[in-house]
Amino acid sequence: MSRGAVRDMTEGSPTKLIVGFFLPMLLGLLFQQVYNMVDTIVVGKFLGVEALAGVGSTGSLNFLVLGFCMGVCNGFVIPVAQKFGERDYPGMKRFVTNAIMLSMAFAAVMTTLVCTLCSTFLRWMNTPADIFQYAYDYIFIIFLGIPVVFLYNVFFGIIRSLGDSRTPVIYLIFSSLLNVALDVLFILGFNLGVKGAALATVTSQMVSSALCINYVFRSDALYLQKKDWKISGECIKRLLGMGLPTGMQYSITALGAIVLQTAVNGLGSMAVASIATGVKVSQLLMCPFDAMGSTMATYGGQNVGARKLDRVSKGLRSCSIMGSAYAIFAFLVVLFFSRPLTLMFVDASETEVLANARTYLLINASMYVALAFVNIVRFLIQGLGFSNLAVFAGVFEMLARAAVAFTLVPMLGFLGACFANPTAWIAADLFLFPAYFHVMRKLRKQFAQEEQIEAV
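Since the model is a prediction, treat every value here as computed from it, not as a measurement.

Focus on the side chain of Ser161
Alright, step 1. One can find Ser161 in helix H8 (residues 146-161).
Alright, step 2. Given the relative accessible area of 2%, Ser161 is considered buried.
Alright, step 3. For Ser161, the side chain forms a polar contact with the main-chain oxygen of Val77, separated by 3.1 Å.
Alright, step 4. In this view, Ser161 contacts Val77, Val80, Ala81, Phe84, Thr298 and Gln302; residues no more than four positions away in its chain are not counted.

Spelled out as structure tokens, the structure:
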């Protein structure tokens, strides 16, 4: 990473900085979605609806485990962004090296644990018998790639914390194209079925991880040396204080999704395939919200490190306008183009799946404004250093999805399941807005006290 690639977000127009950081992040996330989309398209088109349902039924379990891994890494790099904002470069390097070492320890434990319990998880989720083997074959291989997930996310997070959101996009584009080629090769050429889809994903992620690792270690901006690779108890304590709550936030949110998926599994494989199809389209449409969240985490981290809280408020306002505008646009896309989007994953003959998927997409897209604030405000709070508070947003989401699973799904069937996400987003927002104002008041008071002490 050249010093020219580093972006200082504590000076200049907040809107321009946020847009400049957001656009490469968005492009990267869109290509990252290609990993999952190509798997689903090839599986749905060439292996059939049962295979598609098998892969789709693992989505919430995948989110539970890999979401925890990604959340931990996102939390680990928050102190890096804060130290960069403080201009404490030796301290920043200590956090970088300790975050890398801690990530590898987490990866070893997580891989062993979840691979051992993989089939047990699927049985607990009431996975239908006709798709159980598809689900197991796919998710077991995905979980074997957990070390790759940790490596990629922690190194990408380090690059992002220094304000460079552009360089990793090149790696993601290459890896996404590689994933397409490997999907075709493994599924159609080697006839590996859903195992081939999982192997293609893990292999492509491995290549992307290797490129990010090489980039960081050859960085002029960091210039890591042997002396920097020392375990620091202080750093480890702070990293765990940031990483564990952030990881738990993802997992707690995913628990609600698992409860919901269990309820949907009870409706049969056709309902599972319908949800899986709708989710894949939604994931593509929701990429901008994810990019906004990552942008605000870095923006908030750098500016709180520089003690510029006014810039934090201005950045939130700018990103909120962006998020609301895109939410309206995304709803219009779903309203007019949901059928061609869902046809990417299933054949036109699957009329029930297509109709159900459209219903799911319309109900979810109607509340994308609420989702925009979930991502923007929650990640901003994390960037400000209050990961513990962000966990409670996940609790609200979990409780809302569980409530839908236990009430609306038994009453309304598939239609009830469609209301789970909007209900969860609204519940999270009801917590996040008061939490944000609480955080800002606390930080203003803290900084004022520190300034008085420094003056004395």
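Moving on, there is more to tell.
What to know about unusual backbone geometry
Alright, step 1. Positive phi is not limited to glycine here, since Asn126 has a value of about 60°.
Alright, step 2. Within the secondary structure, Asn126 is located in the loop between helix H6 (118-124) and helix H7 (132-144).
Alright, step 3. A relative accessible area of 43% means that Asn126 is categorised as partly exposed.
Alright, step 4. You will see that Arg307, though not glycine, has its phi angle at about 60°, which is positive.
Alright, step 5. Take Arg307: it is sitting in the loop between helix H13 (287-305) and helix H14 (309-342).

Focus on the layout of surface pockets
Alright, step 1. One number sums up the size of the largest pocket: a volume of about 420 Å³.
Alright, step 2. Along the walls of the largest pocket sit 19 residues, with Gln82, Arg238, Met242, Leu384 and Gly385 positioned nearest its centre.
Alright, step 3. Of all the secondary structure elements, the ones that give two or more residues to the lining of the largest pocket are helix H4 (78-86), helix H11 (233-265), H13, helix H17 (387-406) and helix H20 (420-455).
Alright, step 4. The greatest single-element share of the lining of the largest pocket, amounting to five residues, is contributed by H20.
Alright, step 5. For the lining of the largest pocket, the residue count by class is seven nonpolar, seven polar and five charged.
Alright, step 6. Taken as a whole, the second largest pocket holds about 160 Å³ of empty space.
Alright, step 7. What lines the second largest pocket is Lys83, Asp88, Gly91, Arg94, Phe95, Glu234, Cys235, Lys237 and Arg238.

Details of the nonpolar core
Across soluble globular proteins, you tend to see nonpolar side chains buried next to one another.
Alright, step 1. In terms of nonpolar packing, the biggest core is built from 141 residues, with Leu61, Phe143, Ile146, Phe150, Tyr368, Ile381 and Leu384 touching the most fellow members.
Alright, step 2. Not counting chain neighbours up to four residues away, the residues in contact with Tyr368 comprise Ser282, Leu285, Met286, Phe289, Ala327, Ala330 and Trp425.

With respect to empty space enclosed by the protein
Alright, step 1. For the coordinates displayed, the defined rule picks out two cavities of 30 Å³ or more.
Alright, step 2. What the second largest cavity holds in volume is close to 50 Å³.
Alright, step 3. What lines the second largest cavity is simply Asn74, Val77, Ile78, Ala81, Arg160, Ser161, Ala297, Thr298, Gly301 and Gly383.
Alright, step 4. Among the elements that make up the lining of the second largest cavity, the one with the highest residue count is H13 (three residues).

Observations concerning the environment of Val194
Alright, step 1. Its place among the elements puts Val194 in helix H10 (residues 194-217).
Alright, step 2. Given the relative accessible area of 4%, Val194 is considered buried.
Alright, step 3. In this structure the C-alpha to C-alpha distance between Val194 and Val264, which are 70 residues apart in sequence, comes to 21 Å.
Alright, step 4. Apart from the residues within four sequence positions on either side, Val194 is in contact with Val43, Leu47, Ala51, Val55, Tyr134, Asp137 and Tyr138.

A look at the environment of Asp164
Alright, step 1. As for its placement among the helices and strands, Asp164 is situated in the loop between H8 and helix H9 (167-189).
Alright, step 2. A relative accessible area of 1% places Asp164 in the buried class.
Alright, step 3. For the pair formed by Asp164 and Gly20, sequence separation is 144 residues and the distance between their alpha carbons is 9.9 Å.

Here is what the cut-offs are and how they apply
- Residues numbered from 1 in each chain as written.
- Predicted model: local features only at pLDDT ≥ 70, side-chain atom pairs only at ≥ 80, totals over all residues.
- Heavy atoms only, no water.
- Helix = DSSP H or I, 4+ residues; strand = E, 2+ residues; numbered from the N terminus.
- Buried < 20%, exposed > 50% of the residue type's maximum accessible area, 1.4 Å probe, protein only.
- Polar contact = N/O pair within 3.5 Å; in protein donor to acceptor, adjacent residues only side chain to side chain.
- Contact = heavy atoms within 4.5 Å.
- 1 Å grid on protein atoms, 1.4 Å probe; cavity = no way out; pocket = protein on both sides within 12 Å on 5 of 7 lines; lining within 4 Å.
- Points joined across faces, edges and corners; volume = space filled by probe spheres on them.
- Nonpolar A, V, L, I, M, F, W, Y, C, P; charged D, E, K, R; others polar.
- Core = buried A, V, L, I, M, F, W, Y, C linked by side-chain atoms within 4.5 Å.

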